[in-house]
Amino acid sequence: VTELQWWHAMTGANNDAVNRLAEEFNASQPDYKIVPAYKGNYGETLNAGIAAFRAGTAPHIMQVFEVGTATMMAAKGAVKPVYQLMKDAGEPFDPKAYLPAITGYYSTSSGDMLSFPFNSSSMVMWVNKDALKTIGLDEAPKTWPEVFEAAKKLRANGFPNCGFSNTWVSWAHLEQLSAWHNVPLATRANGLDGFDTTLELNGPLQVKHLANLAEAQKDKTFDYSGRYDNGFGRFTAGECPIMLGSSGSYGNVRGSAKFAWASAPLPYYPDAPGAPQNSIIGGASLWVMGGKKPDEYKGVAKFFAFLSDTDRQAKLHQTTGYMPITKAAYEKTKAEGFYEKNPALEVPVKELTNKPPTENSRGLRLGNMPQMRDVWAEEIEAALAGKKTAKQALDEAATRGNAILRQFERQVAK
Ligand SMILES: O=P(O)(O)OC[C@H](O)CO
């Protein structure tokens, strides 16, 4: 049996899903054994993979979050592009079978798929319906002014530590915010059209929004929950009644929330022209590492074909809240009437397809984005702590981020 290492960053219900897929694949054929290993959060998994590649001990498959895409694309020789892998292995593979909004993110401009879109999410607003009822709301608030107002009431009515919060701070309040309002995060279609891009995340909308958050942080109408997604438990535990987070938290919400819950579309500013636009994908894809043996690549290709199976995809979507990656799995889920019974999972699908994407909402691809996210978060944290104005913080985020982008361009040119 040929062992194939799969490094990933999934916890809770999503970790169970990864292990189950590996077990099912291993039981389905005698030649290959997928060995999943949790390597920490997305950033830690990416760093572990890069270090292992340098040491010659890279795994076969690495799960990399969407914002690590540019880093992986630029890592010449470190990866085996998926379209090449499937062609070499002769496995059935039709790129058109996958949802274009998802594959577009992971393909070259000529349409060659570089990584396999395993778990694509979007960001939604998770709400505690029992809590909303106590302030007279039967439905989730729709606009940002309504969210701030509801959160203020909730804070005064049983949720003293947190009216609302979010996971992945820059994903919520810069990346999704900008796409959802059809304003640029960066030039060159947010970097999708080239690495020679400049940040534009310090525009009037982003500055206004951060100023609103900083004001709300003062009395915990908004309460910050960190840079990554480890704060999501504040929602399921009942501490924060409104939480912007990944649709991929569905399995964990279903498994542990002891209250009535729902997901709602991301809020928008009603005076922003064109809002809401469409949301962008999050989550991660599977990258195949370079320098492995032909037989090992054959096994990885077989595993990807196994993952693309319609029933398996539909089940993965319906249990985790990550998007169905194939059109057939989406159609099957719809035809089964799944969304009528589980509207929480139709929300991210509708957000992603709300309007035809624009230059500002196709996605983003920024060099060294994982490092840049830390810089952005540092500046946002300074504004939330009242150490800088929103404008100062975002101007600094842009200046420091642009330096990181230029450094990446130099790296790529080498
Ligand atoms: O929590 P996930 O897996 O949906 O990922 C969220 C963000 O896109 C990570 O960059």
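Further up the page is the structure itself.
Description of the structure in this document. (Residues numbered from 1 in each chain as written. Predicted model: local features only at pLDDT ≥ 70, side-chain atom pairs only at ≥ 80, totals over all residues. Heavy atoms only, no water.)

Quick look at the overall build of the chain
Defined as follows: Counting from the N terminus, the helices are the DSSP runs of H or I reaching at least four residues and the strands are the DSSP runs of E reaching at least two. Here the radius of gyration uses the C-alpha set of atoms, whereas the globule reference equals 2.2 Å times the residue count to the power 0.38. The buried label goes to any residue with under 20% of its type's maximum accessible area, the exposed label to any with over 50%, and the partly exposed label to all in between, with areas taken from a 1.4 Å probe on protein chains only. Only heavy atoms enter the contact rule, under which two residues are in contact if any of them lie within 4.5 Å.
When helices and strands are counted, the chain shows 19 helices and 10 strands. Taking 22 Å as the expected radius of gyration for a compact globule of 414 residues, we find that the chain reaches 21 Å, a close match to that expectation. When the backbone C-alpha atoms are referred to their principal axes, the chain occupies close to 60 × 50 × 35 Å. Within the chain, buried positions represent 56% of all 414 residues. Across the chain, contacts joining residues at least 24 apart in sequence account for 77% of those joining residues at least 6 apart.

Remarks on the pairing of strand β5 (residues 116–121)
Applicable threshold: Pairs of strands are assigned from DSSP output, requiring at least two bridges between the strands.
Among the six residues of β5, six are classified as buried, and the element is accordingly described as predominantly covered. In this structure, β5 lies alongside strand β10 (residues 282–289), joined through four bridges in antiparallel fashion. Looking across to β10, one finds that Phe116 is bridged to Leu286.

Some words on the sheet that holds strand β6 (residues 123–128)
Pairing in this open sheet of four strands is mixed, and the strands run β7-β8-β6-β9 from one edge to the other. Only two strands of the sheet have a single neighbouring strand rather than two, namely β7 (165–166) and β9 (261–264).

Some words on the packing of helix α1 (residues 12–28) against helix α13 (residues 294–307)
Quick note on the threshold: As a rule, the C-alpha atoms of each element are fitted with a line to give its axis, helices using only the stretch in contact, and angles between N-to-C directions run from 0 to 180 degrees. Note that the term roughly parallel is reserved for angles under 35 degrees, roughly antiparallel for angles over 145, roughly perpendicular for angles of 65 to 115, and oblique for everything else. Whether a crossing is left-handed or right-handed is set by the direction in which the near helix is turned from the far one by less than a right angle, anticlockwise for left-handed and clockwise for right-handed.
The interhelical angle for the contact between α1 and α13, taken along N-to-C directions, is 115°, at an axis separation of 11 Å. Classified by the interaxial angle, the pair formed by α1 and α13 is roughly perpendicular. Crossing of α1 against α13: the hand is right-handed. Residue-level inspection shows Leu21, Glu24, Phe25 and Ser28 of α1 in contact with α13, the latter providing Gly299, Lys302, Phe303, Phe306 and Leu307.

Regarding the nonpolar core
We count it as follows: The set of buried Ala, Val, Leu, Ile, Met, Phe, Trp, Tyr and Cys residues whose side-chain atoms join them within 4.5 Å is what this entry labels a nonpolar core.
In terms of nonpolar packing, the biggest core is built from 133 residues, with Phe304 and Trp376 touching the most fellow members. If you tally residues by element for this core, the top one is helix α18 (residues 369–384), at eight residues. Contacts of Phe304, omitting those with residues within four sequence positions, involve Ile61, Val82, Leu85, Met86, Phe116, Leu286 and Val288.

Observations regarding the state of the cysteines
Put simply, the rule reads: For the purposes of this analysis, a disulfide is any pair of cysteine sulfur atoms at a distance within 2.5 Å.
Scanning the model with the defined rule gives one disulfide in all. For Cys162, the disulfide goes to Cys240, at an S-S distance of 2.2 Å. Judged by the torsion about the S-S bond (115°), the Cys162/Cys240 disulfide is right-handed. Placement of Cys162 in the loop between α7 (144–156) and β7 and of Cys240 in the loop between α11 (233–236) and β8 (242–246) is noted, with a sequence separation of 78 residues between them. Side by side, Cys162 and Cys240 carry an identical accessibility label, which is buried.

Some thoughts on the site of the ligand
How we decide: Throughout, the term near means that a residue has one or more heavy atoms lying within 4 Å of the molecule or strand in question. For the purposes of these results, a polar contact is taken to be a pair of N or O atoms within 3.5 Å, where, inside protein, one atom must be able to donate a hydrogen and its partner to accept one; residues adjacent in sequence count only when each atom of the pair is a side-chain atom. Values of accessible area rely on a 1.4 Å probe in the Shrake-Rupley scheme; residue burial ignores everything except the protein chains shown. By convention here, the domain bounds are inherited from an automatic or database domain assignment.
Around the ligand, the surrounding shell consists of Tyr42, Phe65, Glu66, Ser121, Trp168, Trp171, Ser246, Gly282, Gly283, Tyr322 and Arg373. Within the side chain of Trp168, a nitrogen or oxygen atom sits 3.3 Å from an oxygen atom of the ligand. Side-chain polar atom of Arg373 to an oxygen atom of the ligand: 2.8 Å apart, as the coordinates give it. Taken by itself the ligand offers 300 Å² of open surface, and the protein chains cover 98% of this. The residues that make up the shell around the ligand include at least three from each of domain 1 (2–121 + 281–335) and domain 2 (123–279 + 356–413).

Topic: the packing of aromatic side chains
Spelled out, the test is: Pairing of aromatic rings covers Phe, Tyr and Trp, the last counted by its six-membered ring, and requires centre-to-centre distances within 6.5 Å; plane angles under 30 degrees mean stacked, over 60 mean edge-to-face, and any other angle means tilted.
Evaluated as defined, the whole model comprises 27 aromatic pairs. With a centroid separation of 6.2 Å and 20° between ring planes, the pair formed by Phe303 and Phe306 is classed as stacked. Of this pair, Phe303 and Phe306 are both found in helix α13, three residues apart, which corresponds to roughly one turn of the helix. For the pair Phe303 and Phe306, a shared accessibility class is recorded, and that class is buried. Among the aromatic residues, those joined into a ring-pair cluster are Trp6, Phe25, Phe93, Tyr98, Phe116, Phe118, Phe303, Phe304 and Phe306.

Topic: α7
Applied cut-off: Helix span, expected: 1.5 Å multiplied by one less than the number of residues in the helix. The arc in question is traced by the directions running from the helix axis to the C-beta atoms.
Taking 1.5 Å of rise per residue, 13 residues should cover 18 Å, and α7 covers 19 Å from first to last C-alpha, within 8% of that figure. If you check which residues of α7 are buried, you get Trp144, Val147, Phe148, Ala150, Ala151 and Leu154. Taken around the axis of α7, the buried residues stretch over an arc of 170°, which confines them to a single face. Tucked inside the fold, the buried residues of α7 contact β6, α6 (129–134), α8 (169–180), α10 (204–217) and β8. Of the residues one or two after α7, Gly158 is the one with positive phi, at around 100°.

Brief notes about the packing of α8 against α10
Interhelical geometry of α8 versus α10 gives an angle of 135° and a closest axis separation of 10 Å. When the interaxial angle is binned, α8 and α10 end up oblique. At the point where α8 passes α10, the crossing takes the right-handed sense. Where α8 approaches α10, its residues His173, Leu174, Leu177 and Ser178 are matched on the opposing element by Leu205, Gln206, His209 and Leu213.

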